[in-house]
Amino acid sequence: MRAVVLVGGFGTRLRPLTSHTPKPMLPVGHRTILESVVEQLARGGITEVVLALGFKPEPFVEAFPDGRCAGLPLVYAVEPEPLDTAGAIRFAAEAAGVNETFVVVNGDIVCDVDVSRLLAFHRNHGAEGTLHLTAVENPSAFGVVVLDHDGRVERFVEKPPPGTETSNLINAGTYVLEPSVIQRIPTGRKVSVEREVFPAMVADGSLYGMPTDDYWLDTGQPHLYLQANLDLLDGRRSHDGCDAVSTAASVAVDAVVRHSVVGAGAEVHAGAHVEDSVLLPGATVESGASVFGSLVAGRVAAGASIVNCVIGTDGVVHPGASLRDARVPNPTAP
Ligand code: GTP
C-alpha cells in the first residue's frame, strides 16, 4: 500500500522557522515531523511513500540520501509549480504510477491514528474516499464534518457560529482514496482537495469519515508546533517520546532547562534559563538570557529575555533586549 505525503506547502504561518526549512523538516523532539509521519504510516502497513514536493524540495532529498525514511522507500515527485493539495495529489500519484487504493497524509500532522483501521473502514463501507476525523473543543473555529448514521459525509460546515454546531468533528488530514479520485482532479491549475474535490464527492455520496480519539495535532502554527514538542516530551504520544536535551547539545552546568526540548548542537550558556520552550538544532542562548514559551533556531544574546517568541535561524535577539510575542526576523517586514 502506498501513501502520498503532501510536503510542498510554504508554511507561512510558521515563519521565520520555515524561511529556510520546509515545515515537515522541522523537528518534533529530535527527529523531523516527516519521520514521525512516515513511521506512523509504516506502523499502519504502508510500504512506500511518495513525497509530493513543491516549495524547497532540496532539503528532503539531502536529508534522505539513500531514498529511505523511517525504513520506507521514498519516491520524489517535484511539482513544476505549486498545485495546491489536490493538484499535488494528482501530480504525485501519476508520477509514481499509483493505480490502486492509496493513502494521502498532510506532512505537518502528528498523530497516532492506526491507518490500517482507516483502510478497513474504507473497504467495509465501499467508499471512494475516507477521511480521518478528530473531535475539537471549539468547532466554530474550524470547518466541521457532518456524518450520517453510516459514517457517510453529509456535508461540510465552514466555521459554524457558536451554539449552532451540528458536529465537533474536523478533517484530520489523513485520507484513504480510490484511484478514481485522481480523475476527478482537474489539471493545469491549482485545485484544493478540501474546497473542490471532497465537496464533489459528498454530492455523489461517495465520501466517508472515520472519527478516532487518538492523539492528533496540526503543527502549522507556532503555539501548536511548540505543543507538539512538549507533548512528545511529556509522554502524551502512544508510540513515541523524547529526551529533553539532545546528547549533541551543550548546556552549562549552572544553566536551568525546565520542560523544554534542546536540539542537537544547541548551546545554553552559563546562568541562562530556558522553560516551556524548544531550542532547535543550532540555537544559542547566551549567558544570563531567559527564554520562556518560545521557539528558538537563532541566537538569544547575553542577558536578553524573550517570552512567547519565534526566533528564526537568522534571528538575533540583542544583548539585554526584552521581547514578548515577537518574531525575529519579522516575516512581515519588507
Ligand atoms: P501555511 O502556508 O502556513 O498555510 O502552511 P502550508 O503551506 O503547509 O499549508 P497547509 O497547512 O494548508 O497545507 C497542508 C499540507 O499540504 C502541508 O503538508 C503542505 O506541505 C501541503 N501543501 C499545501 N500546498 C501544497 C502544494 O501546492 N503542493 C504540495 N506538494 N503540497 C502542498
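Residues numbered from 1 in each chain as written. Predicted model: local features only at pLDDT ≥ 70, side-chain atom pairs only at ≥ 80, totals over all residues. Heavy atoms only, no water.

Attention shifts here to the overall build of the chain. Regarding its fold elements, the chain presents seven helices and 29 strands. The C-alpha radius of gyration of the chain comes to 21 Å, within 12% of the 20 Å expected for a compact globule of 334 residues. Here the C-alpha coordinates of the chain stretch approximately 60 × 50 × 40 Å along the principal axes. When each of the 334 residues of the chain is scored for burial, the buried share is 52%. For the chain, the computed accessible surface area is about 13,900 Å², with 50% contributed by carbon and sulfur atoms. (Helix = DSSP H or I, 4+ residues; strand = E, 2+ residues; numbered from the N terminus. Rg over C-alpha atoms; globule rule 2.2 N^0.38 Å. Buried < 20%, exposed > 50% of the residue type's maximum accessible area, 1.4 Å probe, protein only. Areas by Shrake-Rupley, 256 points an atom, 1.4 Å probe, with all protein chains shown as cover.)

On to the site of the ligand. Residues in contact with the ligand amount to 19 residues; listed here are only the nearest, Leu6, Phe10, Thr12, Arg13 and Glu79. Taking threonine 12, its side chain carries an N or O atom lying 2.6 Å from an oxygen atom of the ligand. Here an oxygen atom of the ligand sits 2.9 Å away from a polar atom, N or O, in the side chain of lysine 23. Within the complex, the protein chains bury 83% of what would otherwise be the 610 Å² of accessible surface of the ligand. In terms of residues, the shell around the ligand owes the most to one element, helix α3 (residues 84-95), which gives three residues. Looking at the shell around the ligand residue by residue, the class counts come to seven nonpolar, seven polar and five charged. (Near = heavy atom within 4 Å. Polar contact = N/O pair within 3.5 Å; in protein donor to acceptor, adjacent residues only side chain to side chain. Nonpolar A, V, L, I, M, F, W, Y, C, P; charged D, E, K, R; others polar.)

One open sheet accounts for five strands, arranged β15-β18-β21-β24-β27; its pairing is parallel. With partners counted over all chains shown, the strands left at the sheet margins are β15 (250-251) and β27 (316-317), one partner each. As paired strands, β15 and strand β18 (residues 267-268) are joined by two bridges and run parallel to one another. Counted as the bridge partner of serine 250 is glutamate 267 from β18. (Pairing = 2+ DSSP bridges.)

Turning to the sheet that holds strand β25 (residues 305-307), a few remarks are in order. Either a parallel or an antiparallel arrangement is found when strands of a sheet pair, and the pairing is made through backbone hydrogen bonds. The strand order across the open sheet built from five strands is β16-β19-β22-β25-β28, with neighbouring strands paired in parallel fashion. Edge positions in the sheet fall to β16 (256-258) and β28 (322-324), since each of these pairs with one other strand and no more. Neighbouring strand axes in the sheet, compared pairwise and without regard to direction, differ in orientation by 5° on average. (Axes fitted to C-alpha atoms, helices over the stretch in contact; angles between N-to-C directions.)

With that out of the way, let us pick up the side chain of serine 294. Structurally, serine 294 can be placed in the loop between β22 (290-292) and β23 (295-296). A distance of 3.2 Å separates a polar atom in the side chain of serine 294 from the backbone nitrogen of asparagine 308. From its side chain, serine 294 meets the backbone nitrogen of cysteine 309 in a polar contact 2.9 Å long. Filtering out sequence-adjacent residues up to four positions away, serine 294 remains in contact with Leu226, Asp276, Ser277, Val278, Ile306, Val307, Asn308 and Cys309. (Contact = heavy atoms within 4.5 Å.)

Quick look at the domain arrangement of the chain now. Segmenting the chain into domains produces domain 1 (2-233) and domain 2 (250-328). For domain 1 versus domain 2, the separation of C-alpha centres amounts to 32 Å. Tallying the contact residues gives 16 residues for domain 1 and 21 residues for domain 2. Summed over both sides, the interface between domain 1 and domain 2 buries roughly 1,400 Å², with carbon and sulfur atoms accounting for 74% of that surface. Considering only the surface of domain 1 that becomes buried against domain 2, Pro16, Leu17 and Leu226 emerge as the three largest contributors, covering 34% of it. Here domain 1 is connected to domain 2 by three residue pairs in polar contact (both at pLDDT 80 or more). (Domains from an automatic or database assignment. Buried area = accessible area lost by both parts, 1.4 Å probe.)

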